[in-house]
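Chains, contacts and geometry: an overview
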Amino acid sequence: MKTEIIAPKRWWFIMPIVFITYSLAYLDRANFSFASAAGINEDLGITKGMSSLLGALFFLGYFFFQIPGAIYAERRSVKKLIFWCLVLWGVCASLTGVVSNIPMLAAIRFILGVVEAAVMPAMLIYISNWFTKSERSRANTFLILGNPVTVLWMSVVSGYLIESFGWREMFIFEGIPAVIWAVAWWFMVQDKPAQSKWMSDEEKAALQAQLQKEQENIKAVRNYGEAFKNRNVIILCMQYFAWSIGVYGFVLWLPSILRNANTAMGMVEAGWLSAVPYLAATVAMIVVSWASDKTQNRKLFVWPLLLIGALAFLGSYLVGSSNFWLSYTLLVIAGGAMYAPYGPFFAIVPEMLPRNVSGGAMALINSMGALGSFVGSWIVGYLNGATGSPAASYIFMGAALLVSVWLTLIVKPAENKESAVHGAKHA
């Protein structure tokens, strides 16, 4: 049986659930950027330097709990882990709206990072349990599309909520959906295909056989320690660290950058303009993941796009704030190009390492991305505040993306291709 016709209903049963879950996670981490642009600093007496640190604290909590979460998901249950994460992060997100001082806000941002830490690696493990190699880049993209699509509508909705009520009410309202969705998640999700009631026994057997066959072409790795010392895993950790500096410097500070460049801009207008790069990202991610699965060449759909993102940031720096619309257009290109390669990138690891360690390796890579996100969001916020202009942060984000391009190029591609069976067995 061809992999393309094994239970196509999996896409309709699983992908909407995966997409909504990651969307809610992303909503409750990225809306801080709108509060920063809407007056939280003045209301709580937060300095510009402290604001960048508070925005970044989320990623510090996120960094420390990636691997423990992935190990639990791999060995126990994705379903139970994500259920409790949904409840806890929804509560933490809403509590952000009632903070009265800086230490309380710092604690909630850190705890929010802790409870969201397991979501990305757990969901990648979940996808690898349900989708074959020829489908995985697209499946990963549907997961990560929760990121730009959420910021797309959140940018508009948050702008209106702040305009109508205030930043406190925005946090409270936007935390509630995660708690409601936790109940739906519990009743809809099964950890493995064997547990599903909507697949026939023949479909379950065919899917399991295909997933097992793919594992035969990958060199055995005994434990996490051995996987974490793998040359490609180390390079991908550094690559994702550098890439995430650009992405999260952009995500957390785009509304503030736009309002600083155009002081007459209101929150609703900033919301609409902030949404456009994520619309570009959504289209680019779908096209790139389809092409990556079609050609089975992952690297070719990662580094050229990151290079375009780097050049767009450097172009924004050269144009300067005097030409707002040209600079803004380059930011739209940078946003779309930075997001487009996520699907192919996260398809690399399960094709390189066996199932017993691939989840932990993805968590390690993602945790280094969280550290890069912490560095990017903190330093970009600091540079914007210290210089009064986004020019220095454009150079910083562009340089980080250039480093990620070089690191992608030195990953050994033979280890990522099932067709190169000999290379996979002797990597």
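Residues numbered from 1 in each chain as written. Predicted model: local features only at pLDDT ≥ 70, side-chain atom pairs only at ≥ 80, totals over all residues. Heavy atoms only, no water.

Focus: the overall build of the protein
Definition in use: Elements are defined by DSSP. Helices are runs of H or I of four residues or more, strands are runs of E of two residues or more, and each kind is numbered from the N terminus. The quantity called the radius of gyration is restricted to C-alpha atoms. Its globule counterpart is 2.2 Å times the number of residues to the power 0.38. The classification of residues rests on relative accessible area computed with a 1.4 Å probe and restricted to protein chains. Under 20% of the type maximum is buried, over 50% is exposed, and intermediate values are partly exposed. The contact criterion used is simple: two residues touch if any of their non-hydrogen atoms lie within 4.5 Å. All accessible areas in this document rest on Shrake-Rupley with a 1.4 Å probe, and a residue is counted as covered only by the protein chains that are shown. His is not counted, nor are the chain ends, whereas Lys and Arg count as positive and Asp and Glu as negative. By convention, charge coordinates are those of NZ in Lys, CZ in Arg, CG in Asp, or CD in Glu.
Across its full length, the protein carries 21 helices and zero strands. Against the compact-globule benchmark of 22 Å for 427 residues, the protein has a radius of gyration of 21 Å, which places it among compact chains. Expressed along its principal axes, the backbone C-alpha trace of the protein runs to roughly 60 × 45 × 35 Å. Counting the 427 residues in the protein, one finds 60% classified as buried. Considering only residue pairs separated by 6 or more positions, the protein has 84% of its internal contacts joining residues 24 or more positions apart. When the accessible area of the protein is evaluated, it comes to approximately 16,300 Å², of which 69% is carbon and sulfur surface. Between the averaged position of the 30 positive side-chain charges in the protein and that of its 22 negative side-chain charges there is a distance of 8 Å.

Comments concerning unusual backbone geometry
Positive phi, normally seen in glycine, also occurs at glutamine 296, with a value near 60°. For glutamine 296, the location among the structural elements is in the loop between helix 15 (267-295) and helix 16 (303-319).

Brief notes about the packing of helix 5 (residues 66-75) against helix 19 (residues 355-387)
To keep it simple, the criterion reads: Axes, fitted as lines to C-alpha atoms, cover a helix only where it is in contact. Angles between the N-to-C directions of the axes lie from 0 to 180 degrees. Throughout, the term roughly parallel applies to angles under 35 degrees, roughly antiparallel to angles over 145, roughly perpendicular to angles from 65 to 115, and oblique to all others. Crossing chirality is assigned from the near helix's rotation relative to the far helix, an anticlockwise turn below a right angle marking it left-handed and a clockwise turn marking it right-handed. Here the term charged refers only to Asp, Glu, Lys and Arg, the term nonpolar to Ala, Val, Leu, Ile, Met, Phe, Trp, Tyr, Cys and Pro, and the term polar to all other amino acids, Gly among them.
Where helix 5 contacts helix 19, the axes come no closer than 8 Å and their chain directions differ by 155°. Put simply, helix 5 runs roughly antiparallel to helix 19. Relative to helix 19, the crossing made by helix 5 is right-handed. In this structure, helix 5 contributes Gln66, Ile67, Ala70 and Glu74 to the contact, and helix 19 contributes Arg355, Asn356, Val357, Ser358, Gly359, Gly360, Ala363, Leu364, Asn366 and Ser367. Considered class by class, the residues forming the contact of helix 5 with helix 19 number five nonpolar, seven polar and two charged.

Remarks on helix 10 (residues 146-164)
The following threshold applies: One less than the number of residues in a helix, times 1.5 Å, gives the span that helix is expected to have. What we call the bend at a residue is the angle made by axes fitted to the seven residues finishing there and the seven residues starting there.
Across its 19 residues, helix 10 extends 26 Å between first and last C-alpha, which sits within 8% of the 27 Å expected from 1.5 Å per residue. The largest bend in helix 10 is about 30°, located at methionine 154.

Notes on the pattern of salt bridges
This is how it is decided: By definition, a salt bridge exists where a carboxyl oxygen of Asp or Glu is found within 4 Å of a side-chain nitrogen of Lys or Arg.
Under the counting rule described, the total for this entry stands at six salt bridges. A salt bridge links glutamate 135 to arginine 10; its shortest N-O distance comes to 2.7 Å. Residue glutamate 135 is located in helix 9 (residues 133-144), and its partner arginine 10 is located in helix 1 (residues 9-30); the two are separated by 125 residues in the primary sequence. Arginine 10 gets classed as buried once you look at its relative accessible area, which sits at 1%. Between arginine 138 and aspartate 293 there is a salt bridge, with the nearest N and O atoms lying 2.8 Å from each other. With arginine 138 in helix 9 and aspartate 293 in helix 15, this pair connects stretches of sequence that are 155 residues apart. A cluster of three or more residues bridged by salt bridges with shared partners is formed by Arg138, Asp293, Arg298 and Glu351.

With respect to the confidence of the model for the protein
For clarity, the cut-off: Residue-level confidence of the predictor is what pLDDT reports, using numbers from 0 through 100.
On average, the protein scores 83 in pLDDT, and the residues at 70 or more come to 92%. Per-residue pLDDT stays below 50 along residues 414-427; that stretch engages in 27 contacts with residues further than four places along the chain or on separate chains.

Some thoughts on the packing of helix 5 against helix 6 (residues 78-95)
The packing of two helices is summarised by the inter-axis angle and the distance between the axes. Remark: helix 5 packs on helix 6, axes separated minimally by 7 Å, with the N-to-C direction vectors making an angle of 135°. In terms of orientation, helix 5 and helix 6 fall into the oblique class. Note on element contacts: helix 6 touches helix 5 through Val78, Lys80 and Leu81, opposite Gly69, Tyr72 and Ala73. A breakdown of the residues in the contact of helix 5 with helix 6 according to their chemical character gives four nonpolar, one polar and one charged.

Notes on the environment of glycine 271
In this fold, glycine 271 is placed in helix 15. For glycine 271, a relative accessible area of 0% puts it in the buried group. In contact with glycine 271, not counting residues within four places along its chain, are Phe34, Ser155 and Val156.

Points about the environment of alanine 280
Locating alanine 280 in the fold gives a position in helix 15. The partly exposed category is assigned to alanine 280, whose relative accessible area is 30%. For the pair alanine 280 and methionine 50, spaced 230 residues apart in the sequence, the C-alpha separation amounts to 32 Å. Look past the residues within four positions of alanine 280 in its chain and what remains in contact with it is Val332 and Gly336.

Here's the deal with the packing of aromatic side chains
Our working rule: Here is the rule: rings of Phe, Tyr and Trp (six-membered ring for Trp) pair when centre to centre is within 6.5 Å. Planes less than 30 degrees apart are stacked, more than 60 are edge-to-face, and the remainder are tilted.
Applying the stated criterion across every chain yields a total of 24 aromatic pairs. Ring centres of phenylalanine 13 and tryptophan 198 lie 4.1 Å apart, and the angle between their planes is 10°; on these two criteria the pair is classed as stacked. Highlighted residues: phenylalanine 13 in helix 1 and tryptophan 198 in the loop between helix 11 (167-188) and helix 12 (201-216), separated in sequence by 185 residues. What makes phenylalanine 13 partly exposed here is its relative accessible area of 38%.

Considering the nonpolar core
Test applied: We call a set of buried Ala, Val, Leu, Ile, Met, Phe, Trp, Tyr and Cys residues a nonpolar core when their side-chain atoms join them within 4.5 Å.
Ranked by internal contacts, the top residues of the largest apolar core, which has 125 residues, are Trp89, Leu143, Trp185, Trp243, Phe313, Tyr342 and Leu353. Setting aside residues no more than four positions away along its own chain, tryptophan 185 makes contact with Ile17, Thr21, Val78, Lys79, Ile82, Phe83, Leu86 and Met123. Judged by nonpolar contacts, the second largest core, of five residues, contains Val288, Ala291, Phe301 and Leu305.

Quick look at helix 11
A rise of 1.5 Å per residue sets the reference length of helix 11, with its 22 residues, at 32 Å; its end C-alpha atoms lie 33 Å apart and thus fit the reference within 8%. Along helix 11, the residues classified as buried are Trp167, Met170, Phe171, Glu174, Gly175, Ala178, Trp181, Ala182 and Trp185.

Looking at a nonpolar patch on the surface
Under the convention used in this document: Each patch groups residues whose relative accessible area exceeds 30% and which form no salt bridge, using 9 Å between like charges and 5 Å between nonpolar side chains of Val, Leu, Ile, Met, Phe, Trp and Tyr.
Together, Val91, Leu95, Val98 and Val179 make up an exposed nonpolar region whose accessible area comes to about 290 Å². Position of valine 91 among the secondary structure elements: in helix 6.

Description of the side chain of glutamate 174
Tracing the sequence through the fold places glutamate 174 in helix 11. One buried charged residue, glutamate 174, forms no salt bridge at all, with the nearest opposite charge on arginine 109 at 9.9 Å. Setting aside its immediate chain neighbours within four residues, glutamate 174 contacts Leu27, Asp28, Asn31, Met154, Val157, Ser158 and Leu161.

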